[in-house]
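Here is how the chains run, residue by residue.
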Amino acid sequence: MKLNTDYALHTIFCAFCALATSLIISTIVNTPLPAILSGFISGLCLGIGKECGDSKAQGNEWSWGDIVYDIIGAAIGSMGGFINLLINL
């Protein structure tokens with residue numbers, strides 16, 4: 001099965017946003033749950049916003065598949081804050 005390029009972009013975008021947020025929160029709060037949750041929520045919200053913008057472009061429509069890959073990317077990226085806390089124990 002060939003991976004759709006748009007799916008890969010959604011995954012990478014959400015993972016990067018979630019990673020950045022979770023790393024920042026993990027250095028401020030120094031506990032894993034807020035870092036993981038804030039990373040996941042920010043990555044997912046930005047991914048949904050990206051999909052909303054994509055769906056408004058001419059010739060595009062809303063894709064639930066993109067949202068699934070947003071969730072996957074946000075979940076992967078949000079673990080960055082947890083890993084940062086494990087390294088700095």
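Everything numeric in this text was worked out from a predicted model, so none of it was measured. (Residues numbered from 1 in each chain as written. Predicted model: local features only at pLDDT ≥ 70, side-chain atom pairs only at ≥ 80, totals over all residues. Heavy atoms only, no water.)

Scanning the chain from N- to C-terminus turns up 3 helices and 0 strands. Listing each helix as α and each strand as β along the chain from the N terminus yields α-α-α. Residue burial in the chain is summarised as follows: out of 89 residues, 31% are buried. In the chain, the share of contacts with a sequence separation of at least 24, taken over all contacts with a separation of at least 6, comes to 74%. Approximately 5,500 Å² of the chain is accessible, and the part contributed by carbon and sulfur atoms is 73%. (Helix = DSSP H or I, 4+ residues; strand = E, 2+ residues; numbered from the N terminus. Buried < 20%, exposed > 50% of the residue type's maximum accessible area, 1.4 Å probe, protein only. Contact = heavy atoms within 4.5 Å. Areas by Shrake-Rupley, 256 points an atom, 1.4 Å probe, with all protein chains shown as cover.)

Okay, the packing of aromatic side chains next. Here a ring pair, both rings aromatic, is described through the centre-centre distance and the interplanar angle of the planes. Evaluation of the coordinates by the stated rule reveals 2 aromatic pairs. Here the aromatic rings of Trp62 and Trp64 are separated by 5.6 Å at their centres, their planes lie at 70°, and the arrangement is edge-to-face. What makes Trp64 exposed here is its relative accessible area of 62%. (Phe/Tyr/Trp six-rings, centres within 6.5 Å; stacked < 30°, edge-to-face > 60°.)

Throughout the structure, instances matching the rule amount to 1 salt bridge. Across the pair Asp54 and Lys50 runs a salt bridge, and its minimum N-O distance is 3.1 Å. Separated by 4 residues within a single helix, Asp54 and Lys50 lie in helix α2 (residues 32-56), roughly one turn from each other. (Salt bridge = Lys/Arg side-chain N within 4 Å of Asp/Glu carboxyl O.)

Residues Met79, Phe82, Ile83, Leu86 and Ile87 make up a contiguous nonpolar surface patch of roughly 460 Å² in combined accessible area. Considering the arrangement of structural elements, one finds Phe82 in helix α3 (residues 64-87). Given a relative accessible area of 31%, Phe82 falls into the partly exposed group. (Patch = residues over 30% accessible without salt bridge, like charges linked within 9 Å, V, L, I, M, F, W, Y side chains within 5 Å.)

Below, the discussion takes up the environment of Phe16. Mapped onto the elements of the fold, Phe16 is located in helix α1 (residues 5-29). Separated by 61 residues in the primary sequence, Phe16 and Gly77 place their C-alpha atoms 6.1 Å from one another.

Remember that the coordinates give geometry; whether it matters functionally is a separate question.
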